[in-house]
Amino acid sequence: MALITFSSPLHKDKTVYAVAGSRTQTVLTLAKEHHIPIDFGCENGDCGTCLVKVSSVDAKRSPMGAPLTDHEIRVLREMGKITQAEVDKMLVDDLCPTQWRLACQMVLRDEDLLIEYPSK
Ligand code: FES
């Protein structure tokens, strides 16, 4: 099971377990299950309201997460959180090139993560 720590300057940090290998559990789903107040709107990767900063608890690794969705790429580009060069590199390296993710789009994997919110 992965340990996911939600951290915000506005709320007490909370660490919860994510279901290992669910392949469908998003950061936002987990947050809602545990009453963690991440802002959200569309829940479809279109509005960018659920922007969070994700880092691996293991400093030597970058977070695996599921790859950026097309919605995430478009919204993160519009928000200036990722460049086209980083997107191109992601397609070659198969690694997520940014710490910025949309909580409604990022599917959790079996890795311990720090999720920072609100991100503005
Ligand atoms: Fe709109 Fe996540 S809630 S992009």
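Since this is a predicted model, take the numbers as computed values, not measurements.

So, how was this worked out
Residues numbered from 1 in each chain as written. Predicted model: local features only at pLDDT ≥ 70, side-chain atom pairs only at ≥ 80, totals over all residues. Heavy atoms only, no water. Helix = DSSP H or I, 4+ residues; strand = E, 2+ residues; numbered from the N terminus. Pairing = 2+ DSSP bridges. Phe/Tyr/Trp six-rings, centres within 6.5 Å; stacked < 30°, edge-to-face > 60°. Lys NZ or Arg CZ within 6 Å of the ring centre and 35° of its normal. Axes fitted to C-alpha atoms, helices over the stretch in contact; angles between N-to-C directions. Contact = heavy atoms within 4.5 Å.

1. Some words on the environment of Ser 56
Assignment of secondary structure puts Ser 56 in strand S3 (residues 51-56). Distance from Ser 56 to Leu 113, taken between C-alpha atoms, is 4.6 Å for residues 57 residues apart in sequence.

2. Notes on the pairing of strand S2 (residues 11-18)
Where strand S1 (residues 2-8) meets S2, six bridges bridge the pair, whose relative direction is antiparallel. Each bridged residue has a counterpart across the sheet, and for Ile 4 the counterpart in S2 is Val 16. Connecting S1 to the antiparallel partner S2 that follows it, the hairpin turn spans two residues.

3. A look at the packing of aromatic side chains
Counted by the stated rule, this structure contains zero aromatic pairs. In this arrangement the basic side chain of Lys 32 is found over the ring face of Phe 40, its NZ or CZ atom lying 4.6 Å from the centre. Above the ring of Trp 100, the side-chain terminus of Lys 81 is found at 4.0 Å from the ring centroid.

4. Digging into the sheet that holds S2
What the five strands build is an open sheet, ordered S2-S1-S5-S3-S4; its pairing is mixed. The sheet is open, and its two edges are formed by S2 and strand S4 (100-102), each paired on a single side. Geometrically, the sheet is characterised by an average inter-axis angle of 30 degrees between neighbouring strands, direction not taken into account. Across the sheet, helix H2 (residues 70-78) is in contact with S3 and S4; its angle to S4 comes to roughly 125 degrees.

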